[in-house]
Amino acid sequence: MQPSELTQIQTVIDKIQTADWGDITEQMHQQGFALIEQVLSTELCEMLQQTYSQTELYRKTVEMQRYRFGQGEYKYFTYPLPNLVERIRHEIYPYLVPIANAWFRVLKLEGSFPSSHPEFLQQCHQQGQTLATPLILKYGQGGFNTLHQDLYGEVYFPIQLVIVLGQPNVDFSGGELVFTQQTPRAQSKAMVMQPQQGDLLIFTTQFKPEKGSQGYYRVNIKHGVSPIHRGERYSLGIIFHDAVS
Ligand SMILES: O=C(O)CCC(=O)C(=O)O
Ligand SMILES: [Fe+2]
């Protein structure tokens, strides 16, 4: 690795560590997603985007139309992950654990998450979930991602990340992140985000607690990507649990 790459990765980690975690935690509780702006430089975004053609870095390619997941393609990285992806996953996890544990506690769900990511991966491995889940997604004009939740086995972490690698309205237009929140006995609420290149979006994988008159109840949240009107859109997804396949 080039020393300059190491320095750039350290800058990314510093941005994560100095983010306003009190505010992020509050936003996660309120809306189920939160943004840390400008975490990855344009150079790092371009570097990641360029890895898409390096087949040896990936374990699996999914043609989305084949499974009716949408239109586009994505590739799961194989272990060992690229340094940048590994470091982000490792360093941000401990900040998300208190949020995840609070959700499980108020919703009276069983279990709690260990404070370090390697310990959590141990739990995945014990359930036969050993394959890497971080991925790069690529959508061309007309591409989209249907509403879904990224669960890959019994063990899951309820929060994940996405970084859009291109600049909206320059490299592509359309292609917004869409969240739908399904409240029991109500119609779904849609929320839309257009992160800028290199922003880090933190969001719930499955649900969040909502406070009602008789304590907390669960609202389910799905995410997807609206159609790309023009250009090509690449994104990096970081999921914390490993997969069975
Ligand atoms: O392409 C995106 O922005 C979101 C992709 C996605 O579904 C994910 O990262 O889990
Ligand atoms: Fe997803």
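Cut-offs and rules
Residues numbered from 1 in each chain as written. Chains lettered and ligands numbered in written order. Predicted model: local features only at pLDDT ≥ 70, side-chain atom pairs only at ≥ 80, totals over all residues. Heavy atoms only, no water. Buried < 20%, exposed > 50% of the residue type's maximum accessible area, 1.4 Å probe, protein only. Helix = DSSP H or I, 4+ residues; strand = E, 2+ residues; numbered from the N terminus. Pairing = 2+ DSSP bridges. Salt bridge = Lys/Arg side-chain N within 4 Å of Asp/Glu carboxyl O. Donors = N, O, S within 2.8 Å, 3.2 Å for Na, K, Ca; no water.

1. With respect to the pairing of strand β4 (residues 73-77)
- Of all five residues in β4, four are buried, a share of seventy percent or more.
- Where strand β2 (residues 58-63) and β4 come together, five bridges link them in antiparallel fashion. Bridge pairing in β4 links tyrosine 58 to phenylalanine 77.

2. Some thoughts on the pattern of salt bridges
- Considering all chains together, one arrives at four salt bridges under this definition.
- When the shortest N-O distance is used, the salt bridge between arginine 89 and aspartate 242 registers 3.3 Å. Here aspartate 242 lies in the segment after β15 (233-238) and arginine 89 lies in helix α4 (residues 83-106), a separation of 153 residues in the sequence. With respect to burial, arginine 89 and aspartate 242 carry one shared label: buried.
- Measuring nitrogen to oxygen at the nearest pair gives 3.9 Å for the salt bridge that ties lysine 138 to glutamate 232.

3. Thoughts on the coordination of the iron ion (ligand 2)
- Coordination sphere of the iron ion (ligand 2), protein contribution only: His148 (NE2), Asp150 (OD) and His223 (NE2), at 2.1 to 2.2 Å.
- In the primary structure, the donors to the iron ion (ligand 2) are separated according to the pattern H-x1-D-x72-H. Taken as a pair, aspartate 150 in the loop between β6 (144-148) and β7 (159-164) and histidine 223 in strand β13 (residues 215-225) lie far apart in primary sequence, 73 residues in all. The pair formed by aspartate 150 and histidine 223 is uniform in burial state, with each residue classed as buried.

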